[in-house]
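Listed here are the chains, written in short residue letters.
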Amino acid sequence: MVFVSHSDIEKVIEACPDIQWKVIFALARYGGLRCPSEVLSLRWDDVNWGRSRLLVRSPKTERHEGGESRVVPIFPELKPILLEAFHEAEEGTEHVVTRYRVQSANLRTQAHRIIKRAGLKPWTRTFQNLRASRETELTERFPLHIVTAWLGNSQIIAAKHYLTVRDEDFERAAKSAHETTQCDAATPCGRVKSLLGNGEKNGVLQCVTADHSTTHEFLLAPRGFEPLSPG
C-alpha cells in the first residue's frame, strides 16, 4: 500500500505531456475512478457542472444490481483540470479521454515514464494506489458508507484493500495524546483562580493549561455552612 500525497500527485500532473494525461491522473487520484475502465468510460454528457457531479459508469460492477453506475462529486481538486480538458476538447467530442481507447493501449508504462519525469519512483499498483489514496483521505472527512458509495466498493473491501495508515496518522495521534495530557494536568501545571461575581453564591473554577492554549471553567457548588477546610 502506497499513499500518494497531494504534493506528489501535483508533481506528476505538472510533468504530464498534455491535458489528456493530466485528466487521467486527476480522475484516478482526485475523483477516485478506476483506471482505465471508468476513466475511459466517462463522457462529457456524464458531467453535471451545475450540480458538481459525475455519473461514473462502471464496467467492473455493472453485473451487480445498481452497480452499473454511481454519482461522484466533482471535488475541488478535480474541477480545474476537468474544466481545462473540457475547454480543449473539440466540439462534438463524446468521451473525456479520447486517447488510449484501443484494447492494446498500455497506460501503465507511459504513466511510469511520467512519474519518473516528476522525480518520483513509480509505485507498483499505479492507478489503484491513486484511488486508494483518495478513499483514505475522504474517510477522514465523511462517514465510510458515503465514501464507499462514491467510490463504488464495499466497506469490507475498502478496509481490506484500500484504506491506508500513514505516518501523519501516527504524528496526529501522538500530538493529540500530548494535548490531552496537558489538559488533564491543567490544575497542577497551570494557574487556578476562583471568580466570584457580583455577590453570586456560585463560584467559577477557571483552569488554564500551561501553554495558555485552553481554558476550562467549572461551576462550583454554593457555599453552605461547612468549614472551608476539612477537619
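Residues numbered from 1 in each chain as written. Predicted model: local features only at pLDDT ≥ 70, side-chain atom pairs only at ≥ 80, totals over all residues. Heavy atoms only, no water.

Participant: Could you give an account of unusual backbone geometry, with specific residues and numbers?
Facilitator: Where the residue is not glycine, phi is negative for most of them; where a peptide bond is considered, it is trans in most cases. A cis amide bond, omega 15°, links cysteine 35 with the succeeding residue proline 36. Checked against the element boundaries, proline 36 lands in the loop between helix H2 (19–29) and helix H3 (37–41). Despite not being glycine, serine 52 shows a phi value in the positive range, around 55°. Within the fold, serine 52 resides in the loop between strand E1 (47–48) and strand E2 (53–57). At tyrosine 100, a position not held by glycine, the phi torsion is positive, near 60°. (Helix = DSSP H or I, 4+ residues; strand = E, 2+ residues; numbered from the N terminus.)

Participant: Can you break down the sheet that holds E1 residue by residue, with the values?
Facilitator: If you walk across this open sheet you meet the three strands as E1-E2-E3, and the pairing is antiparallel. Of all strands in the sheet, those bounded by a partner on one side alone are E1 and strand E3 (69–73). Of the pairings in the sheet, the one linking E2 to E3 comprises five bridges and is antiparallel in character. Opposite arginine 57, over in E3, you have serine 69 as the bridge partner. (Pairing = 2+ DSSP bridges.)

Participant: Tell me about the environment of valine 97, and name the residues and values.
Facilitator: Position of valine 97 among the secondary structure elements: in the loop between helix H4 (79–88) and helix H5 (107–117). Here valine 97 falls in the buried class, since its relative accessible area comes to 0%. Through-space distance from the C-alpha of valine 97 to that of serine 41 is 8.3 Å; in sequence the pair is 56 residues apart. Residues in contact with valine 97, not counting those within four places in the same chain, are Gln20, Val23, Ile24, Val39 and Leu40. (Buried < 20%, exposed > 50% of the residue type's maximum accessible area, 1.4 Å probe, protein only. Contact = heavy atoms within 4.5 Å.)

Participant: I'd like a rundown of the confidence of the model for the protein chain, residues and numbers included.
Facilitator: Taken as a whole, the protein chain shows an average pLDDT of 80; of its residues, 68% reach a score of 70 or greater. The low-confidence segment residues 187–201 (pLDDT under 50) makes 27 contacts with residues lying over four places distant or belonging to another chain. (pLDDT = per-residue confidence, 0-100.)

Participant: Summarise the side chain of serine 133; cite the residues concerned and give the values.
Facilitator: Residue placement: serine 133 occurs in helix H6 (residues 128–138). Apart from the residues lying within four places of it in its own chain, the contact partners of serine 133 are Val2, Phe3, Val4 and Arg29.

Participant: An account of the packing of aromatic side chains is requested, with residue identities and associated values reported.
Facilitator: Per the counting criterion, the structure on display carries seven aromatic pairs. Both rings, one in tryptophan 44 and one in phenylalanine 86, keep their centres 5.2 Å apart while their planes meet at 70°; by these two values the pair is edge-to-face. Taken as a pair, tryptophan 44 in the loop between H3 and E1 and phenylalanine 86 in helix H4 lie far apart in primary sequence, 42 residues in all. What makes tryptophan 44 buried here is its relative accessible area of 10%. Exposure remark for phenylalanine 86: the relative accessible area of 37% places this residue in the partly exposed category. If you follow arginine 29 out to its NZ or CZ, it ends over the ring of phenylalanine 3, 5.6 Å from the centre. Against the face of phenylalanine 75 rests arginine 134, its NZ or CZ located 4.4 Å from the ring centre. (Phe/Tyr/Trp six-rings, centres within 6.5 Å; stacked < 30°, edge-to-face > 60°. Lys NZ or Arg CZ within 6 Å of the ring centre and 35° of its normal.)

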